[in-house]
Amino acid sequence: MHVPGWLEVWWRHTPYAPLVLAVTAVAVVVLARPVGRRLRLPALGVAAWVAALGLVVALTLTPREPQRSGERVCALDSWTPLDLHNVLALDQRAANVLLLVPLALLAALPRDARTRRALLGLVVALPFVVEAVQYAVPRISRICDSNDLVDNLVGVAVGAAVGTAVRLVASLAHRRRRGGKGRPRRASQDTRRGTSRTPRGVRR
């Protein structure tokens, strides 16, 4: 089985990522139910969102090896979106897009508009925060890159679009189920009312 080069590099040169993922697993167990109750969200959805956020942090903000000098670097010379070749090759740019898709998808699912806007706002801000931290903290050996920002925002847009479509379809199906259950009930009530009524002039 062919392993993409970026995945092999990540596995060899990001030694602290497994630790962050382990902490994320603990956070999922501890936070899923109480946060879900507070925000009136399913615990499973909260768990998935925290897990997706932990994955982003593990892959983008943990120190890499070998350590480079303390010089701040930010490559802002290219703002081009990825093309079909990147997608088919599943290279690092495609991975940067896919990294934010689950988080944005989950953020677009809640029915409550206020919660949904807050989560989507956090997801949109996250790529900017990541690039800013990579620039401000050179000791983690990450390089601020405008193409990474573009790819992450594309992933946010794709995930939000898919999540919105899923939420709308689920809402429509829910309404149809409620409507299908409600009509027979109203009909039966009308039937009961009709049979219970006695026409005027007719003695029982």
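To be clear, the structure that these remarks concern was listed above.
On a predicted model such as this, the values are computed, not experimentally measured, just so you know. The residue count restarts for each chain, going from 1 along the sequence in the order it is written. Per-residue local features are limited, in this predicted model, to residues with pLDDT of at least 70; the limit for side-chain atom pairs, both in listing and counting, is 80 or more; totals at the level of whole chains, interfaces and linings are taken over all residues. Note: side-chain values were computed over all heavy atoms of the structure, leaving out hydrogens and water.

Novice: Looking at this model, I keep getting lost on the overall build of the chain. Mind explaining?
Specialist: If you tally the helices and strands in the chain, you get seven helices and two strands. Relative accessibility thresholds used throughout: buried, under 20% of the residue-type maximum; exposed, over 50%; partly exposed, between the two (1.4 Å probe, protein chains only). For the chain, the residues scored as buried account for 31% of the 204 residues in total. Any two residues whose heavy atoms approach within 4.5 Å are treated as being in contact. Long-range pairs, those at least 24 residues apart, make up 75% of the contacts in the chain with a sequence separation of at least 6. Accessible surface, the chain: about 13,700 Å² in total, of which carbon and sulfur atoms supply 64%. Comment: elements are numbered from the N terminus, with helices defined as DSSP H or I runs of at least four residues and strands as E runs of at least two. Here the accessible surface of atoms and residues is derived via Shrake-Rupley with a 1.4 Å probe, and residues count as covered only by protein chains that are part of the display.

Novice: Where do I start with the state of the cysteines in this structure?
Specialist: A covalent bond between the sulfur atoms of two cysteines is what we call a disulfide. The disulfide criterion is simple: two cysteine sulfur atoms within 2.5 Å. Per the counting criterion, the structure on display carries one disulfide. In this model C74 forms its disulfide with C144; the gap between the sulfur atoms is 2.1 Å. Taken together, the residues C74 in strand β1 (residues 74-75) and C144 in strand β2 (residues 144-145) connect sequence positions 70 residues apart. Look at C74 and you get partly exposed, because its relative accessible area is 30%. What makes C144 buried here is its relative accessible area of 8%.

Novice: Just to check I follow, could you spell out the nonpolar core for this structure?
Specialist: W49, V56, L100, L103, V123 and L126 are the most contacted members of the largest nonpolar core, which totals 13 residues. At five residues, the largest contribution of residues to this core is made by helix α5 (residues 92-107). Non-local contacts of V56, meaning those with residues more than four positions away in its chain, are made with L61, L99, L100, L103 and L126. With six residues, the next largest nonpolar core counts A32, L41, A47 and V50 among its residues. Buried Ala, Val, Leu, Ile, Met, Phe, Trp, Tyr and Cys residues form a nonpolar core when they are joined through side-chain atoms within 4.5 Å.

Novice: Honestly, the environment of A107 in this entry has me stumped. Any pointers?
Specialist: Relative to the helices and strands, A107 is located in helix α5. Each C-alpha atom of the pair A107 and G159 lies 8.6 Å from the other, and the pair is 52 residues apart in sequence. Every residue in contact with A107, bar those within four places of it in the chain, is listed here: W49, R116, L119, L120 and V123.

Novice: What should I look at first to understand the pattern of salt bridges in this one?
Specialist: Oppositely charged side chains can form a pair if their charged atoms are brought close together. When a carboxyl oxygen of Asp or Glu lies within 4 Å of a side-chain nitrogen of Lys or Arg, that pair is called a salt bridge. One pass over the structure, following the stated rule, counts one salt bridge. A salt bridge links R93 to D151, with the shortest nitrogen-to-oxygen separation between them at 2.7 Å. Taken as a pair, R93 in helix α5 and D151 in helix α7 (residues 146-196) lie far apart in primary sequence, 58 residues in all. Relative accessible area serves as the criterion here: at 16%, R93 is assigned to the buried category.

Without other data, these values stay purely geometric and don't point to any function.
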